Amino acid sequence: MIIWAIVSLLALPFISRALGLSTGVAGAWIGTSEFADAAGIAAAQTYSDFAAHSGGAIAGNPDAAVQAFTLMKVIGRDIWIGIWAFALAIVATTWWRGEDGTVSARAGSGEIWRRFPKFVIGFVVASVFVTWLSSHYSLAEYRTTVTPAFIAPITALRTWAFIFCFLSIGLSTRFASLTSTGLRPFWAFTVGVVINVLLGYFLSVHVFADFWNQLGNS
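A few points on the structure. All figures in this text were calculated on a predicted structure; none of them were measured in a lab.

If you tally the helices and strands in the protein, you get ten helices and zero strands. Moving toward the C terminus, one meets the helices and strands of the protein in the order α-α-α-α-α-α-α-α-α-α. Counting the 218 residues in the protein, one finds 29% classified as buried. Summarising the internal contacts of the protein: among those between residues at least 6 apart in sequence, 70% fall at separations of at least 24. Carbon and sulfur atoms make up 71% of the accessible area of the protein, which amounts to about 13,300 Å² in all.

A surface patch of nonpolar side chains, about 880 Å² in accessible area, is lined by Leu71, Ile75, Val191, Ile195, Leu199, Phe202, Leu203, Val207, Phe208 and Phe211. Elements with a contribution of two residues or more to the nonpolar patch: α4 (64-94) and α9 (184-207). Mapped onto the elements, Leu199 comes out in helix α9. For Leu199, a relative accessible area of 48% puts it in the partly exposed group.

Let us look at α9. Helix length check: α9 (24 residues) gives 33 Å between terminal C-alpha atoms against 34 Å at 1.5 Å per residue, within 8%. Taken together, the buried positions of α9 are occupied by Thr190, Val193, Val197, Gly200, Ser204 and Val205.

Attention now goes to the packing of helix α2 (residues 23-33) against helix α3 (residues 37-52). As a packed pair, α2 and α3 sit with axes 9 Å apart at the nearest point and diverge in direction by 165 degrees. Our classification of the angle between α2 and α3 gives roughly antiparallel. For α2 against α3, the interelement crossing comes out right-handed. Counting all contacts with α2, which are made through Thr23, Ala26 and Ile30, the residues of α3 involved are Gly40, Ala43, Ala44, Tyr47 and Ala51. Taken together, the residues that form the contact of α2 with α3 break down as six nonpolar, two polar and no charged.

Definitions and limits used
- Residue numbers here run from 1 along each chain, matching the order of that chain's written sequence.
- Per-residue local features are limited, in this predicted model, to residues with pLDDT of at least 70; the limit for side-chain atom pairs, both in listing and counting, is 80 or more; totals at the level of whole chains, interfaces and linings are taken over all residues.
- Each side-chain value is worked out from all heavy atoms of the structure, with water and hydrogens disregarded.
- Only DSSP runs of H or I covering at least 4 residues are called helices, and only runs of E covering at least 2 are called strands; the numbering of each starts at the N terminus.
- The buried label goes to any residue with under 20% of its type's maximum accessible area, the exposed label to any with over 50%, and the partly exposed label to all in between, with areas taken from a 1.4 Å probe on protein chains only.
- Note on contacts: a residue pair is in contact if any heavy atoms of the two residues lie within 4.5 Å.
- Only the protein chains shown count as cover for residues, and all accessible areas are computed by the Shrake-Rupley method using a 1.4 Å probe.
- Nonpolar side chains (Val, Leu, Ile, Met, Phe, Trp, Tyr) within 5 Å and like charges within 9 Å form the patches, drawn only from residues with over 30% relative accessible area and no salt bridge.
- Here, a salt bridge means any side-chain nitrogen of Lys or Arg that lies within 4 Å of a carboxyl oxygen of Asp or Glu.
- For a helix, the expected span equals 1.5 Å multiplied by the number of residues minus one.
- The axes used here are C-alpha line fits, helices contributing only the stretch in contact, and every angle between their N-to-C directions lies in the interval 0 to 180 degrees.
- For classification purposes, an angle smaller than 35 degrees is called roughly parallel, one larger than 145 roughly antiparallel, one from 65 to 115 roughly perpendicular, and anything else oblique.
- Two helices crossing with the near one rotated counterclockwise from the far one by less than a right angle form a left-handed crossing, whereas a clockwise rotation gives a right-handed crossing.
- Ten residue types, Ala, Val, Leu, Ile, Met, Phe, Trp, Tyr, Cys and Pro, are classed as nonpolar, four, Asp, Glu, Lys and Arg, as charged, and the remainder, Gly among them, as polar.

Structure follows, in structure tokens:
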């Protein structure tokens, strides 16, 4: 996954620019194609920067790339991880059987909580909080008051957090351990990447393009 995350980070913004995609459509495509949040947000931010310095050559609000990515990847995909993780935690501790054919453990609240990806709770809490906060302002007030005072510092913090995240990934990567499992997992994941990229392109560019093109312009 790390290899393809890096490839997608480097390739998707430039491919989107070569295809002339608007910021919203490109961000949605990146959101449906990337498996890693860190690489995806970096790719979406890169396309936002392309649009901001394109002199109007790239259609759409520059911020729409990151907004569309967030809707697709964080809201549309990552939050569902919690639901599936909860279901699989129950399955794993209730029905999965050991070599002797017996259930190896019983589902308990402590075991389910231990297996639950707790970062999903942070996504939900942050989404609810920002939604509540923005509901007290008009769109114009939100852009002139909330964005510079609240959103801009968080955006800067997010940028540094992802920089340190990628640095940590690079320092902890051991290619010898990656190759020890053979090529079959790599090719299986590659098939998933290809399907994800092609299907995501079709949905973002041809099915929901009108919605993504309006993002950030209302």
